[in-house]
Amino acid sequence: MSGEVLMDAGEQGVVHVTLRHAGRLNAMSRGMWRQLRGVFEDIQQRSDVRCVLIAGEGNAFCAGGDISEYPGFRFDADTLRDFHENDVWGGLNAMLQCDVPVVAQISGACMGAGVEIASCCDIRIAGSSARFGAPIAKLGFPMAPREAQLVAGAVGDVTARQMLLEAATFSAPDMLARGFLSRMVPDDQTAAEALGSALRIAALAPQAARMNKQTFRALKVPLALDGKTLVAMKNRVIDSSDPYAYADSAEHREGITAFLEKRAPVF
C-alpha cells in the first residue's frame, strides 16, 4: 500500500499525525484516506488526547491526491462514488467529527486533498513559502459536492471559485489575508510555532475545548447535510440523480491521462 498516515504520542497530551508518501509530496492514496479515518476515529475515543498536530513529512503538507491511482477507479461512476463518499469523505468527516482540537502545520505544497484536510483543522499555521490551491480543472473533473462545501466554508466563496474555476494557486500571505490561515511564520519556524500552539491548547481545560468544538460543529448546520441539502447539491451536476455521472466523460479521461503522460490536456 502506497503512503501512510502515522500517529505518534507526543508530550503533554499532544498527538502527532503525519501524512507520509515518499516521492509524491505526501499525496493522498486511497489507503491513506482510510488510515486517516481510522486515526481520527481512534483519537475521538481517547480521553488522554488534548490536541492533535497534523503535518506532512518533509517539505510538503500534501500535494493532493495520488493521481497514479486514478485510472484504476475514476472512470466508472460506482467506483468513483465509492472513492469520494467512503474513502475521502470518510477521512474528512472523521476529522470534522473529532472533538479534540486540531492544529495544522503547513509547509510547502497544500493542494487539493491538502486544502481539504487543512480545512478540517481548527488552527492553521503555515510557513511563508507554502502554496495553496485545488487546480483539478486541469485534470478534467470537479470537486465532489461535500468536499467543495467544506473547502468553500473554510477558504471563502471567492477563493474557492478562483481555485476551482481558474485553477488559481495562492501564496501563504494571500491565504493569511483571506482568513484561511491563523498565522504565517518564516519557514524554519513553522514546526516550532505549530507545536507551541498545540501545547498551549493542551494546557487548557480539555473538556471545555471539546465542548467548544461541538458548539462550532452545531453552528455549521450545512456540513451536517440533511436530506434536502444533499438532494439540492446533487441536482447541480450533470445528471440530477448522480453527482459522479461524469466519470466516463471524455474530458475527465483526457485530464488525467494528460497529467500521467506529462503533457498539456486538450479539452
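What counts as what
- Residues numbered from 1 in each chain as written.
- Predicted model: local features only at pLDDT ≥ 70, side-chain atom pairs only at ≥ 80, totals over all residues.
- Heavy atoms only, no water.
- Helix = DSSP H or I, 4+ residues; strand = E, 2+ residues; numbered from the N terminus.
- Rg over C-alpha atoms; globule rule 2.2 N^0.38 Å.
- Buried < 20%, exposed > 50% of the residue type's maximum accessible area, 1.4 Å probe, protein only.
- Areas by Shrake-Rupley, 256 points an atom, 1.4 Å probe, with all protein chains shown as cover.
- Lys, Arg positive; Asp, Glu negative; His and termini not counted.
- Charge placed at Lys NZ, Arg CZ, Asp CG, Glu CD.
- Pairing = 2+ DSSP bridges.
- Axes fitted to C-alpha atoms, helices over the stretch in contact; angles between N-to-C directions.
- Parallel < 35°, antiparallel > 145°, perpendicular 65-115°, else oblique.
- Left-handed = near helix turned anticlockwise from the far one by under 90°.
- Contact = heavy atoms within 4.5 Å.
- Nonpolar A, V, L, I, M, F, W, Y, C, P; charged D, E, K, R; others polar.
- Phe/Tyr/Trp six-rings, centres within 6.5 Å; stacked < 30°, edge-to-face > 60°.
- Bend = angle between axes of the 7 residues up to and from the residue.
- Polar contact = N/O pair within 3.5 Å; in protein donor to acceptor, adjacent residues only side chain to side chain.
- Core = buried A, V, L, I, M, F, W, Y, C linked by side-chain atoms within 4.5 Å.

On to the overall build of the chain, then. A count of helical and extended segments in the chain gives ten helices and nine strands. What you see for the chain is a C-alpha radius of gyration of 18 Å, in line with the 18 Å of a compact globule of 267 residues. Across its three principal axes, the chain shows a C-alpha extent of roughly 55 × 40 × 35 Å. Per-residue burial over the chain gives 48% buried out of 267 residues. When the accessible surface of the chain is split by element, carbon and sulfur atoms take 54% of a total near 12,100 Å². Distance between charge centroids for the chain: 3 Å, based on 27 positive and 31 negative side chains.

Attention now moves to the sheet that holds strand 8 (residues 169-171). Spatially, the three strands line up as an open sheet ordered 5-7-8, and their pairing is mixed. The open sheet has two free edges, formed respectively by strand 5 (109-111) and strand 8, since each of these has just one partner strand. Here the strands of the sheet are splayed against their neighbours by 20° on average, with no regard to which way each runs. Pairing analysis gives three bridges linking strand 7 (residues 131-133) to strand 8, with the strands arranged antiparallel. Among the inter-strand pairings, Phe132 is bridged to a residue of strand 8, identified as Phe170.

Before going further, it helps to examine the sheet that holds strand 1 (residues 4-9). Here six strands make up an open sheet; going across it, the order is 1-2-3-4-6-9 and the pairing mixed. At either end of the open sheet lies a strand with only one pairing partner, and these are strand 1 and strand 9 (183-185). The average undirected angle you get between the axes of adjacent strands in this sheet is 20°. The sheet contact formed by strand 2 (residues 14-20) and strand 3 (residues 51-56) spans six bridges and is parallel. What sits directly across from Thr18, in strand 3, is Ala55.

Between helix 2 (residues 77-96) and helix 4 (residues 145-155), whose axes approach to 10 Å, the crossing angle comes to 30°. With respect to each other, helix 2 and helix 4 are oriented roughly parallel. The way helix 2 lies across helix 4 gives a crossing that is left-handed. Contact residues: helix 2 offers His84, Glu85, Val88, Trp89, Leu92 and Leu96, while helix 4 offers Arg146, Glu147 and Leu150. Residue composition of the contact of helix 2 with helix 4, by class: five nonpolar, one polar and three charged.

This part is about the pairing of strand 2. Bridge count between strand 1 and strand 2: six bridges; the pairing is antiparallel. Note that in strand 2 the partner of Glu4 across the bridge is Arg20.

This part takes up the packing of aromatic side chains. Aromatic ring pairs are reported here in terms of the distance separating the ring centres and the angle at which the planes meet. Within this structure, the stated rule accounts for five aromatic pairs. Summarising the aromatic geometry, the rings of Tyr70 and Phe73 are spaced 5.8 Å apart at their centres and angled 75° between planes, so their arrangement reads as edge-to-face. One exposure class covers both Tyr70 and Phe73, and it is buried. Here Tyr70 and Phe141 contribute two aromatic rings whose centre-to-centre distance is 6.1 Å and whose plane-to-plane angle is 70°, an arrangement assigned as edge-to-face. Of this pair, Tyr70 sits in the loop between strand 3 and helix 2 while Phe141 is found in the loop between strand 7 and helix 4, placing the two residues 71 residues apart along the sequence. As far as burial versus exposure is concerned, Tyr70 and Phe141 are alike and both buried.

The largest bend along helix 2 measures about 45° and falls at Trp89. Taken together, the buried positions of helix 2 are Leu80, Phe83, His84, Asp87, Val88, Trp89, Gly90, Gly91, Leu92, Ala94, Met95 and Leu96. For helix 2, the N-terminal capping position is held by Asp76, with its side-chain oxygen 3.1 Å away from the main-chain nitrogen of Asp78.

So, about the nonpolar core. The biggest cluster of nonpolar side chains holds 66 residues, and the ones touching the most others in it are Leu36, Phe40, Ile43, Ile54, Ile106, Ile117 and Phe132. Of all the elements, helix 2 adds the most residues to this core, at eight residues. Within the second largest apolar cluster, nine residues are counted, among which are Val14, Val103, Ala198 and Ala202.

Attention now goes to unusual backbone geometry. With a phi close to 55°, Gln12 is a non-glycine residue in the positive phi region. Relative to the elements of secondary structure, Gln12 occurs in the loop between strand 1 and strand 2. The class of Gln12 is exposed, set by a relative accessible area of 57%. The backbone of Lys262 shows a phi angle near 60°, a positive value even though the residue is not glycine.

What is shown is where atoms sit, not what they do.
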